[in-house]
Amino acid sequence: MKAKQATIYYIIFDVLSAMTAWALLFLFRKVGLEHLGFNDVNQVFADANFWRGILLVPMGWIILYALQGTYKNVLRKSRLKEFQDTIIASIIGVVVIFFALLLDDNVGTYSSYYFSFIFLFLIHFGLTYFCRVIHTSHIVRSVHNRRIGFPTLLIGSHKKAYQTYLDLENQEKYTGNIFVGFVSVEGDMPSTAAESQLTAVMPCLGTTDHVKQLVDQYHVEEVIIAVEDTEQAQIQQILRTLDGCGEVIIKVTPDARDIILGKVRVDSIFHSPLITINNRLMAEWQYSVKRMADVVLSIFALVVLSPVYLITAIIVKCTSPGPVFYAQERIGYKGKPFKMHKFRSMYIDAESCGPALSRDDDPRITPFGKIMRKYRIDELPQFYNVLKGTMSIVGYRPERQFYIDQIVKRCPEYLLLQRIKPGITSWGQVKYGYASNIDEMCDRLKYDILYLENMSIATDIKILIYTVGIIFQGRGK
């Protein structure tokens, strides 16, 4: 069973559970609360609200579950986590249904509301979790029986790496790790007995310099770092490299000190102890809300500001020769290039002598271009990038590969930013502004790293408020 197929099953079961719970709620209210006889049950099916609910209520539940992250990593779910997520979503969803659809109903006593609330919660939660736990149990058994697996890359080449492989292969409950190969930390071909044993069960795919390419090439879903105590210093560099690999799950073998300090958490008493590195910067629902806000605000900006777009385009066209818009390749999420769009604020062939950053009193900038930059008007076309999904409204300032190569030599932590989408505005833009040289780019970087460490919907709202203030004060450049 593949992840997409398993997700479809989850959605089907959730829809059927929601429809059944809504139908039973109507029957309960008609028969149990309004005391209609079973011969009058046909009134339920004659009620337009019944059919509206059958069609619309399940859609609301699916949206809620999607925001919660229910349909992410469906092949790695645990039944206990499933129980927790389902009960939280059920409480939220039933409260919304109660206030949106049921509160205005005509009932005899307030106790009818309470009974309706409790009945809907118990029925909806019971049906939903029952279907989910059956499906989840089937997936878990498929993993344990090696019918479902996850392509895994092992980093390490000595005794600890080989022992980790044996532990995972021989544990009582198989966790689904299908090893595509291992990466040598030292960069040498296997020479010790442990290294030779590793090559007997999986190929050596290269060194840590090749990790990012190997993750893409073999569609790796999980990376296990099993290095010797003498190689611990290299873990940070490995983690920085893996930061640009998207949703890959990273696990590290613990030493005795980690276990004593309580850093080791496992999902099952049958699994080998590994430290899981959390790559998620926000809760799943916050990622969903952030994307929804990006789409809604972008559509709003493109529609409401359409007169500004039109007037700006006319002035750009009339004040200097060349196209109205300017598209430039930038590097974004996961290190992938994309075209970032702006209103043209420079004369054509401004970089005929090679890439160059703008500066104060830059002769390449047109007179109207200076006004646009002051009020950030040149950035408005980037709402189209946000709508496409290559950018977010709040993120970090995307750069060209030419400058990234220079920044990384001095500040390798820049690659951490590629864990998220670049933004129209950023903490660095608010606190520091535009950079005119590599030194200023590195200085601004600390604010963008700070954003990573404090990423949340609340932080985005604060940055947007400050950005609006900068725009109206004309403090751009």
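It should be emphasised that the depicted structure is a prediction, and the values quoted were computed from it without experimental measurement.

Participant: Would you mind showing me how to read the nonpolar core here?
Facilitator: Soluble, globular proteins show a tendency: their nonpolar side chains are buried together. Phe343, Phe383, Ile407, Tyr414, Leu417 and Met441 are the most contacted members of the largest nonpolar core, which has 41 residues in total. Going through the elements one at a time, helix 12 (306-319), strand 8 (337-343), helix 13 (367-374), helix 14 (382-388), strand 9 (392-395), helix 15 (401-410), helix 17 (438-453) and helix 18 (457-473) are the ones with two or more residues in this core. Ranked by residue count, the leading element in this core is helix 17, at seven residues. Setting aside residues no more than four positions away along its own chain, Met441 makes contact with Leu357, Glu399, Tyr403, Ile407 and Ala435. Grouped together as the second largest cluster of nonpolar side chains are 30 residues, Ala6, Phe26, Ile97 and Ile148 included.

Participant: Help me out: how do you make sense of empty space enclosed by the protein in this one?
Facilitator: The method is simple in principle: a probe with the dimensions of a water molecule rolls over the atoms, and the space it marks as empty is what remains. Scanning the entire structure with this criterion turns up one cavity of 30 Å³ or more. Taken as a whole, the largest cavity holds about 50 Å³ of empty space. What lines the largest cavity is Arg397, Glu399, Ile407, Tyr414, Leu417, Met441, Arg444, Leu445 and Asp448. In terms of residues, the lining of the largest cavity owes the most to one element, helix 17, which gives four residues. Among the residues forming the lining of the largest cavity, the class breakdown is five nonpolar, no polar and four charged.

Participant: Just to check I follow, could you spell out the side chain of Thr425 for this structure?
Facilitator: Within the element layout of this structure, Thr425 appears in strand 10 (residues 423-426). Using a relative accessible area of 4% as the deciding quantity, one classes Thr425 as buried. At 2.7 Å, the side chain of Thr425 forms a polar contact with the side chain of Thr467. Among all residues touching Thr425, those that are not within four sequence positions of it are Ile393, Val394, Gly395, Tyr396, Val430, Ile463, Leu464 and Thr467.

Participant: It is not clear to me how the pattern of salt bridges should be interpreted in this structure. Could you clarify?
Facilitator: Where charged atoms from two side chains of opposite charge approach closely, those side chains can pair. For the structure on display, the rule yields 14 salt bridges. Between Glu82 and Lys77 there is a salt bridge, and its shortest N-O distance comes to 3.8 Å. The exposure class assigned to Glu82 is buried, which follows from its relative accessible area of 2%. For Lys77, a relative accessible area of 15% corresponds to the buried category. In this structure, Lys342 and Asp378 form a salt bridge, with 3.5 Å as the shortest nitrogen-oxygen distance. In this pair, Lys342 is assigned in strand 8 and Asp378 in the loop between helix 13 and helix 14, connecting sequence segments 36 residues apart.

Participant: What's the story with the state of the cysteines in this structure? I'm lost.
Facilitator: Taken as a whole and assessed by the stated rule, the structure comprises zero disulfides. Unpaired in terms of disulfides, Cys411 finds its nearest cysteine sulfur in Cys442, a separation of 3.3 Å. For Cys411, a relative accessible area of 12% puts it in the buried group.

Participant: Can you help me understand the layout of surface pockets in this one?
Facilitator: One number sums up the size of the second largest pocket: a volume of about 680 Å³. As for the second largest pocket, its lining consists of 24 residues, of which Leu305, Leu380, Phe383, Val468 and Ile471 are closest to the centre. When contributions to the lining of the second largest pocket are tallied by element, the ones reaching two or more residues are helix 11 (284-304), helix 12, strand 10 and helix 18. Considered class by class, the residues forming the lining of the second largest pocket number 19 nonpolar, three polar and two charged.

Participant: Would you explain the confidence of the model for the protein in this entry?
Facilitator: It should be kept in mind that the predicted coordinates are not to be read in detail where pLDDT is low. When pLDDT is averaged along the protein, the result is 83; 86% of the residues meet or exceed 70. Within the protein, helix 10 (residues 256-260) has the poorest average pLDDT of any element, 43, and helix 14 the best, 96. Below pLDDT 50 for its whole length, residues 256-264 participates in 11 contacts with residues either more than four positions away or in separate chains.

Cut-offs used in this document
Residues numbered from 1 in each chain as written. Predicted model: local features only at pLDDT ≥ 70, side-chain atom pairs only at ≥ 80, totals over all residues. Heavy atoms only, no water. Core = buried A, V, L, I, M, F, W, Y, C linked by side-chain atoms within 4.5 Å. Buried < 20%, exposed > 50% of the residue type's maximum accessible area, 1.4 Å probe, protein only. Helix = DSSP H or I, 4+ residues; strand = E, 2+ residues; numbered from the N terminus. Contact = heavy atoms within 4.5 Å. 1 Å grid on protein atoms, 1.4 Å probe; cavity = no way out; pocket = protein on both sides within 12 Å on 5 of 7 lines; lining within 4 Å. Points joined across faces, edges and corners; volume = space filled by probe spheres on them. Nonpolar A, V, L, I, M, F, W, Y, C, P; charged D, E, K, R; others polar. Polar contact = N/O pair within 3.5 Å; in protein donor to acceptor, adjacent residues only side chain to side chain. Salt bridge = Lys/Arg side-chain N within 4 Å of Asp/Glu carboxyl O. Disulfide = S-S within 2.5 Å. pLDDT = per-residue confidence, 0-100.

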